[in-house]
Amino acid sequence: MKIPVIVLSGFLGSGKTTLLLRLLAEAKATGLQTGVIMNELGQLDVDGHILKEYSGTKIEKLLDGCVCCSKRSELASSIQSLCLSRPDVIFIELTGVANPEEIADVLTEPNIHASVRLKQIVTVLDAENVLDYNSFFESDTALIRTFRRQIETADLLVLNKTDLASAPKRRKIDQLLLKHNSTAVVIPTTHSRIDSGLLLADIAKQERRTVSAAASSFRLLKTAPHAGEYGSSSAHRDGESASYSRVQTLSLPLAAGSYPSRKAIEKFLLKNKNRLLRAKGYVRLLPDSPVMLLQLAGNQLTWSESLYQGPSYLVLIGIDFNKQELEEQWRILERQ
């Protein structure tokens, strides 16, 4: 029986991990066994720790690169590893600058084609910032193309953070989505809350039968989720290589015994806000205090207690930033 794969796409900070956590919780409640592949551009893992705290699912982590390019070969081996435990469904959460079309192509490779099939591509969009991406990435055609392909290839578009978008902005977003994908189901939401049955209900009913219904290969289609499974053929690729030419990551470890204040870290992030797409990490603010999970996405900066017990660090994701300058600022912050 082929294992269905659900790809979670969307730009940085859109709410993909929050959606994944909700889907894992629902899968567990309905008795489904899950596997997860998480891809992060940075060298240090942040979201994987979040998943371990909440789900206990089997996780494969692909760090320091994008599965569309530098980590492409590792994606296939990670899928093979997950398949050994025979999960009912595999979720692949992409980096914010990955083209989901490329993942569909990886899933058709001979060494994994017999084991998995693409079920759905879900793209999560940040309603607060989505209209600004075209102007923000104006000089980088590869990033603009990736953003558009995230919309165009989706079966389900989750328009998240709608509480942060005005009615006129919402109308413009609707026009944008209609222009680039007129067939996908669009779900307006906040905090990535959707009806998980759109993705999981048919897995519980169909995937435990004998294989006859699931014997086909998969194809990348512009179809809504209810339109059925994917037919034979491989996904099209146009030969473009890296899809994040200007996006950079920087991992900033915090020296042992250094406990910068929350205010100092927020000041550091605010100072560099215009160069950052996202920041996330784990920081212990006082010797005996819990480790805090910090996340900056768009204009939203959040702190929450974490069960993580490793060394403190921060990961920055941005465009055209000066790594040396940021590292110097971080070293000054460590000494405060």
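Rules and cut-offs
- Along each chain, the written sequence defines residue order, and numbers are assigned to residues from 1.
- Whole-chain, interface and lining totals are the exception, using all residues; otherwise, since this is a predicted model, local features are given only for residues with pLDDT of at least 70 and side-chain atom pairs are given and counted only at 80 or more.
- Only hydrogens and water are set aside; all other atoms, that is, all heavy atoms of the structure, feed into the side-chain values.
- Angular values range over 0 to 180 degrees, each being the angle between N-to-C directions of two axes fitted as lines to C-alpha atoms, with helices fitted over their stretch in contact.
- Runs of H or I in DSSP of at least four residues are treated as helices and runs of E of at least two as strands, each being numbered from the N terminus.
- Oblique is the label for any angle not under 35 degrees, not over 145, and not in the 65 to 115 range, which are roughly parallel, roughly antiparallel and roughly perpendicular in turn.
- Here, two residues are considered to be in contact whenever any of their heavy atoms come within 4.5 Å of each other.
- Basically, the charged four are Asp, Glu, Lys and Arg, the nonpolar ten are Ala, Val, Leu, Ile, Met, Phe, Trp, Tyr, Cys and Pro, and anything else, Gly included, counts as polar.
- Relative accessibility under 20% of the residue-type maximum defines a buried residue, over 50% an exposed one, and the middle range a partly exposed one, all with a 1.4 Å probe and only protein chains included.
- A pair of strands is treated as paired once DSSP finds two or more bridges between them.
- In the analysis that follows, any N or O atom pair within 3.5 Å is treated as a polar contact, provided that within protein one partner can donate a hydrogen and the other can accept it, and provided that, for residues neighboring in sequence, both atoms belong to side chains.
- Definition used in this section: a nonpolar core is a set of buried Ala, Val, Leu, Ile, Met, Phe, Trp, Tyr and Cys residues joined via side-chain atoms within 4.5 Å.
- To estimate how far a helix should reach, multiply one less than its number of residues by 1.5 Å.
- What the arc covers is the set of directions going from the helix axis to the C-beta atoms.
- On a scale of 0 to 100, pLDDT captures the predictor's confidence in every residue.

Undergrad: Even after reading the chapter, I still don't get the packing of helix α7 (residues 141–152) against helix α8 (residues 167–180), so can you show me in this structure?
TA: The geometry of a pair of packed helices is captured by two quantities: the angle between their axes and the separation between those axes. Viewed as axis vectors pointing N to C, α7 and α8 meet at an angle of 80°, and their least axial separation amounts to 9 Å. As summarised for this structure, α7 and α8 are arranged roughly perpendicular, according to the angle between their axes. Here F147, R148, I151 and E152 of α7 lie close against α8, whose contacting residues are L176, L177 and H180. Grouping the constituent residues of the contact of α7 with α8 by class yields four nonpolar, one polar and two charged.

Undergrad: What am I meant to see in the pairing of strand β2 (residues 34–39) here?
TA: On a regular strand, each side chain points to the face opposite its neighbour's, so the side chains alternate between the two faces of the sheet. When you tally the buried positions in β2, you get six out of six residues, the bulk of the element. Inspection of the sheet shows β2 paired to strand β4 (residues 89–93) by five bridges, in the parallel sense. The residue of β4 that forms the bridge with M38 is E93.

Undergrad: Teacher, can you tell me more about the side chain of K119 here?
TA: Locating K119 in the fold gives a position in strand β5 (residues 116–126). Judged by relative accessible area, which is 4%, K119 ranks as buried. Polar side-chain contacts of K119 include one of 3.2 Å to the backbone oxygen of L199.

Undergrad: Please clarify how the nonpolar core should be interpreted in this entry.
TA: What tends to happen in soluble globular proteins is that the nonpolar side chains get buried as a cluster. In this structure, L125, V130, F147, I151 and L157 are the most contacted members of the largest nonpolar core, which totals 26 residues. Sequence-distant contacts of V130, that is, excluding residues within four places in its chain, are made with L125, F147, I173 and L176. By size, the runner-up hydrophobic cluster in this structure holds 22 residues, among which are M38, I59, V122 and I203.

Undergrad: When you look at the side chain of R278 in this model, what are you seeing that I'm missing?
TA: On the secondary structure map, R278 appears in strand β9 (residues 276–284). Within the structure, the side chain of R278 is placed 2.7 Å from the side chain of Q295, a separation counted as a polar contact. With residues up to four places along the chain from it excluded, the contact list for R278 reads L12, G13, Q295, L296, A297, V315, L316 and I317.

Undergrad: Looking at this structure, I do not really get helix α11 (residues 323–335). What am I missing?
TA: A turn of α-helix holds 3.6 residues, and therefore any two residues three or four places apart point the same way. Its 13 residues give α11 an end-to-end C-alpha distance of 19 Å, which sits within 8% of 18 Å, the value for a rise of 1.5 Å per residue. Residues L326, Q329, W330, L333 and E334 constitute the buried set of α11. Within α11, the buried residues cover an arc of 145° as seen down the axis, which keeps them to one side. For α11, the exposed residues lying more than 90 degrees away from the buried face are Q324 and R335. The distance from a side-chain oxygen at the start of α11 to the backbone nitrogen of Q324 is 3.1 Å, and the residue carrying that oxygen is N322.

Undergrad: Before we go on, may I ask you to explain the confidence of the model for the protein chain in this structure?
TA: Low pLDDT marks stretches whose predicted atomic positions should not be read closely. When the pLDDT values of the protein chain are averaged, the result is 78; 75% of them are 70 or greater. Per-residue pLDDT stays below 50 along residues 205–246; that stretch engages in 109 contacts with residues further than four places along the chain or on separate chains.

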